[in-house]
Amino acid sequence: MASGRVVIVGGGAIGLACAAALAQAGAEVVVLERFHHVHDLGSHGGYTRVTRQAYHEGSVYIPLVRESEAAWEVLERGAGGGGPGSILVRCGLMEAGPPENADLQAVFAACRAHDLEHRVLDAATVSAELGFRLPPSWVACESGGGYVRVPAALDALRRAATDAGAVLRYDAQVNEVVRSGGRLRVLLESGELIPCEHIVVAAGAYLQPLLPSRLRALFAVRRRVLGWTAPADDAARDRLRRFPVWALFDPRGMFYGFPYSEEGIAGFKLALHVYTAPGERSGLRAEAVDREVRPGDLAPLADFLADRLPAAQGPWAGAKVCLYNCTPSGDFVVDRHPDDPKVIVAGGFSGHGFKFAPAIGRIVRGLVEGAAASEVPEIFRWSHHLGGPGW
Ligand SMILES: Cc1cc2nc3c(=O)[nH]c(=O)nc-3n(C[C@H](O)[C@H](O)[C@H](O)COP(=O)(O)OP(=O)(O)OC[C@H]3O[C@@H](n4cnc5c(N)ncnc54)[C@H](O)[C@@H]3O)c2cc1C
């Protein structure tokens, strides 16, 4: 392990996973978090996150999903862990859409290329088994997946980090990464300067102000809304409780959801995943995002349920605003800062990063330890993003 203090900016899933990986490798780690442990103001609000193995976003992600799922299970079995299923719930995954949909085709291709156990279903079977109303031509793929329990995952990562000696500081907002006279420091809102050997910037949707403007422009903060319905019918709720996680590739985007549960908010949780919605522009600051859920926010989810899954309709039991920080391609940035190899940026998780936190922690540890750039997947490097189409 490289000597000297490593400061990690951000105590979300990525920052804590980096802290655990680095502290376990013997580094002196300090995590600085502007809010507190587990909160709704970043990207991890809403209690649960999907994990799926047949990753349509690219084959690079598939071994990282496997690695991370295994790591979640190690954490739940470890000291202070809650035992099997306390972090990772393997309830399976059902994805459906028109056969010509490129993402669904990529799901099937991933299953074949990576020899993933899966079942091909027709629309009638999906309707009989789960109650979705799909056009008769649609097809579906059942494969491995489930969900990660956010508070349990963050508790376990924090425990792993602190057990290995990492220090966590809350209400500690970093305003600037300072490089002067060959020295690296972070400047806190309080005026305190903390010297360090390496900095890991894992600031989620608050990343942009910590980057120079030419890099900032690669990221776009997106406001996304999660909703939970409360179906009145007992039999419908029981059926929804036995659901897998699911995703439907619809012309409006990927609607997805979870089994009915009491995790955080009792209800049937669903959302719409798109990197860019009509009319959205880059330049939004995380601090400026409207945190109130407006009636119109839930209309697309209500319309979707009315069309595709009427049994899950019901009054809204809850809703939350959450933030994506997207790159144009949706691929992550996990790389050394182009201006300073001792600063590592882990950001742009584009609404699908949580499940990968343990694998990202391992990659970041390698970068701190001096790994060659080639050890980082090419799609996570600045060169991939800076050469891309932009927003
Ligand atoms: C609605 C929604 C649904 C999602 N669904 C899924 C899903 O199903 N599966 C999945 O894998 N992923 C999903 N994601 C994405 C996933 O939640 C994120 O990719 C992941 O949480 C990012 O982790 P992070 O640690 O980068 O960000 P965060 O969890 O936001 O953590 C960053 C932390 O940094 C702190 N911070 C920021 N700036 C500073 C600063 N200057 N000084 C100190 N601290 C600072 C913040 O307070 C925050 O706690 C979803 C995201 C949203 C919003």
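Look up a bit, the structure's there.
Rules of the game
Residues numbered from 1 in each chain as written. Predicted model: local features only at pLDDT ≥ 70, side-chain atom pairs only at ≥ 80, totals over all residues. Heavy atoms only, no water. Salt bridge = Lys/Arg side-chain N within 4 Å of Asp/Glu carboxyl O. Helix = DSSP H or I, 4+ residues; strand = E, 2+ residues; numbered from the N terminus. Buried < 20%, exposed > 50% of the residue type's maximum accessible area, 1.4 Å probe, protein only. Core = buried A, V, L, I, M, F, W, Y, C linked by side-chain atoms within 4.5 Å. Domains from an automatic or database assignment. Contact = heavy atoms within 4.5 Å. Near = heavy atom within 4 Å. Polar contact = N/O pair within 3.5 Å; in protein donor to acceptor, adjacent residues only side chain to side chain. Nonpolar A, V, L, I, M, F, W, Y, C, P; charged D, E, K, R; others polar. Phe/Tyr/Trp six-rings, centres within 6.5 Å; stacked < 30°, edge-to-face > 60°. Lys NZ or Arg CZ within 6 Å of the ring centre and 35° of its normal. Pairing = 2+ DSSP bridges.

Asker: Any chance you could explain the pattern of salt bridges here in plain terms?
Answerer: For side chains bearing opposite charge, pairing can occur when the charged atoms are close. If you walk through the whole model with that rule in mind, you get 25 salt bridges. Across the salt bridge formed by Glu 287 and Arg 34, the nearest N and O atoms sit 3.1 Å from each other. Of this pair, Glu 287 sits in the loop between strand E17 (268-273) and helix H8 (295-308) while Arg 34 sits in the loop between strand E2 (28-32) and strand E3 (48-52); the two residues are 253 residues apart in sequence, bridging distant segments of the chain. A relative accessible area of 22% places Arg 34 in the partly exposed class. A salt bridge links Lys 342 to Glu 197; its shortest N-O distance comes to 2.5 Å. Here Lys 342, found in strand E20 (residues 340-347), pairs with Glu 197, found in the loop between strand E12 (193-196) and strand E13 (198-201); they are 145 residues apart in sequence, far enough to count as distant. When its relative accessible area of 34% is taken as the criterion, Lys 342 is described as partly exposed. Connected via shared salt-bridge partners are Arg 34, Arg 285 and Glu 287.

Asker: What should I look at first to understand the nonpolar core in this one?
Answerer: Most often, soluble globular proteins keep nonpolar side chains buried together rather than apart. Core analysis: the largest hydrophobic core is formed by 76 residues, its most contacted members being Trp 72, Ile 360 and Phe 380. Looking at which element gives the most residues to this core, the answer is helix H1 (residues 13-24), with 9 residues. Counting contributing residues, this core receives three or more from each of domain 1 (5-47 + 151-219 + 329-386) and domain 2 (221-243 + 255-326). Setting aside its immediate chain neighbours within four residues, Phe 380 contacts Tyr 61, Leu 64, Phe 332, Val 333, Val 334, Asp 335, Ile 360, Ile 363 and His 385. Formed by 59 residues, the second largest nonpolar core is a distinct cluster that contains Leu 188, Leu 210, Leu 218 and Phe 255.

Asker: I tried to follow the site of the ligand on my own but got confused; where do I start?
Answerer: Taken together, the neighbourhood of the ligand is formed by 35 residues, with Glu 33, His 39, Ser 43, His 44 and Cys 322 sitting nearest. His 352 places a main-chain nitrogen or oxygen 3.3 Å from an oxygen atom of the ligand. Interatomic distance of 2.8 Å between a side-chain N/O atom of Lys 355 and an oxygen atom of the ligand. Among the elements of the structure, H1, E3 and strand E18 (316-326) are those that each provide at least two residues to the shell around the ligand. Looking at which element gives the most residues to the shell around the ligand, the answer is E18, with 3 residues. Here the residues of the shell around the ligand sort into 19 nonpolar, 12 polar and 4 charged. A domain split of the shell around the ligand shows at least three residues from each of domain 1 (5-47 + 151-219 + 329-386) and domain 2 (221-243 + 255-326).

Asker: Even after reading the chapter, I still don't get the packing of aromatic side chains, so can you show me in this structure?
Answerer: Given two aromatic rings, their pairing is described by the distance between the two centres and the angle made by the two planes. A full pass over the atoms with the stated rule returns 20 aromatic pairs. When the centroid spacing of 5.7 Å and the interplanar angle of 55° are considered together, the rings of Tyr 61 and Phe 380 count as tilted. In this pair, Tyr 61 sits in helix H2 (residues 61-77) while Phe 380 sits in the loop between helix H9 (357-369) and helix H10 (382-386), placing the two residues 319 residues apart along the sequence. As far as burial versus exposure is concerned, Tyr 61 and Phe 380 are alike and both buried. When the ring of Phe 255 is compared with that of Phe 304, the centres are 4.2 Å apart and the planes differ by 15°; the resulting orientation is stacked. In this pair, Phe 255 sits in strand E16 (residues 253-257) while Phe 304 sits in helix H8, placing the two residues 49 residues apart along the sequence. Here Phe 255 matches Phe 304 in class, with each residue buried. Members of the aromatic cluster, joined through ring pairs, are Tyr 55, Tyr 61, Phe 332, Phe 349, Phe 356 and Phe 380. Residue placement shows Arg 222 over the ring face of Trp 391; its charged tip is 4.8 Å from the ring centre.

Asker: Hey, could you run me through the pairing of E18 in this one?
Answerer: Counting buried positions over the 11 residues of E18 gives 8, a clear majority of the element. Here 10 bridges tie strand E14 (residues 220-229) to E18, and the two strands are oriented antiparallel to one another. Its bridge partner being in E18, Val 221 is matched across the sheet by Asn 325.

Asker: I keep staring at unusual backbone geometry and nothing clicks. Help me out?
Answerer: Peptide bonds are trans in most cases, and residues, glycine excluded, mostly fall at negative phi. Even without being glycine, Tyr 47 reaches a positive phi, approximately 75°. Residue class for Tyr 47 comes out partly exposed when judged on its relative accessible area of 24%. Its identity is not glycine, yet Asp 115 carries a phi of approximately 55°, on the positive side. Residue placement: Asp 115 occurs in the loop between helix H3 (102-113) and strand E6 (118-122).

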